[in-house]
Amino acid sequence: MEVILADYLGFCYGVKRAIHMARSSAQPGPARTLGPIIHNPQMVSRLAAEGVEAVNSLADAPEDGTVIIRSHGVGPQVYEEAKERDLRMVDATCPHVKKAQMAAHQLSQDSFSVVIVGEKKHPEVKSIFEWSGRNALVVETEEEAAQIAPCDKLGIVAQTTFSGDKFQSIVACLLNKSNDIHIIRTICTATDQRQKAAIDLAGKVDMMLVIGGKNSANTTRLAQLCAEKTMTHHLETASELQDEWFHNIKKIGITAGASTPDWIIKEVYQKCQKK
Ligand code: SF4
């Protein structure tokens, strides 16, 4: 069986950095991440076994411990609350996310009406919204963009993992909303690279395997894009591989979301080679 890995797959810079920072904070404990460190249940369980568990809010963080902010980031009030409680903080917010947060903050300070192009429910978008002083509109589609009222000054930022093409198309719907528009394209290249490499590979193979958390938006998006090109399965671990998937298949392509650890990719790759 020929098994080909996508040119770009798996952990991105921001996720690698966050995991490293979380691991380095395990001793002396207790260390807790504010929410799951990444959208990958296997990695979250592994970290918990190493002593770094996830808590849902600062209220659940132990007084004498360390709180780790994940790569998606949080709003300014979380930093203030942690400071008030004298908690030790390790800030693993991805620098690209930080840039989007600061851009929204600055635009709002400079009296721009702020639009965040992104997924409303995504934790990163929520953190950017908080940094705008809760003074922004989140827009996910062209239709929503078209409904925005005209304003004097319009500032636009993006969720870092948003599709570049979709961002362009939404921005096009906003261009007639103001004569003073400041666009800050805070999209990170890791997502684009993984998507382009996956689409390219999907066009050359009989089946794509997309590895990553079912709760990971970027992995789910990779699976959708691959499914437009070829037969595609989204799986979290090698144990989900099914023999019937491999009937009449000669070439398999593998990709993985930015939150998928190397060891899971390796397991799937090796198991596929034996088919
Ligand atoms: S996808 Fe980009 S912005 Fe998001 S964590 Fe990774 S490097 Fe940072």
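All of the points below concern the structure found in this document. Note that the structure is a prediction, hence the values are computed from the model and not measured.

**What about the sheet that holds strand S8 (residues 153–158)?**
- Within the open sheet, the four strands sit side by side as S7-S6-S8-S9. Their pairing is parallel. Here the strands that pair on one side only, and so sit at the sheet edges, are strand S7 (136–139) and strand S9 (180–184). Sheet twist, expressed as the average angle between the axes of neighbouring strands with direction ignored, equals 20 degrees.
- Across five bridges, strand S6 (residues 113–117) lies against S8 in parallel orientation. Bridge pairing in S8 places Val 117 opposite Ala 158.
- Against the sheet, helix H4 (residues 95–109) touches S6, S8 and S9, its axis set at about 170 degrees to S8.
- Sitting on the sheet, helix H7 (residues 164–174) is in contact with S6, S7, S8 and S9, with an inclination near 170 degrees to S8.

**As for the site of the ligand**
- Around the ligand, the neighbouring residues are Cys 12, Gly 14, Cys 94, His 96, Thr 160, Thr 161 and Cys 188.
- Classifying every residue of the shell around the ligand by side-chain character gives three nonpolar, four polar and no charged.

**Considering the sheet that holds strand S2 (residues 31–34)**
- Reading across from one edge, S3-S2-S4-S5 is the order of the four strands in this open sheet, with parallel pairing throughout. A strand with exactly one partner marks an edge of an open sheet, and here the two such strands are strand S3 (52–55) and strand S5 (88–91). Taking each pair of neighbouring strands and ignoring which way they run, the sheet shows an average axis angle of 30 degrees.

Conventions and cut-offs
- Residues numbered from 1 in each chain as written.
- Predicted model: local features only at pLDDT ≥ 70, side-chain atom pairs only at ≥ 80, totals over all residues.
- Heavy atoms only, no water.
- Pairing = 2+ DSSP bridges.
- Helix = DSSP H or I, 4+ residues; strand = E, 2+ residues; numbered from the N terminus.
- Axes fitted to C-alpha atoms, helices over the stretch in contact; angles between N-to-C directions.
- Contact = heavy atoms within 4.5 Å.
- Near = heavy atom within 4 Å.
- Nonpolar A, V, L, I, M, F, W, Y, C, P; charged D, E, K, R; others polar.

That's the geometry; what it means functionally is another story.
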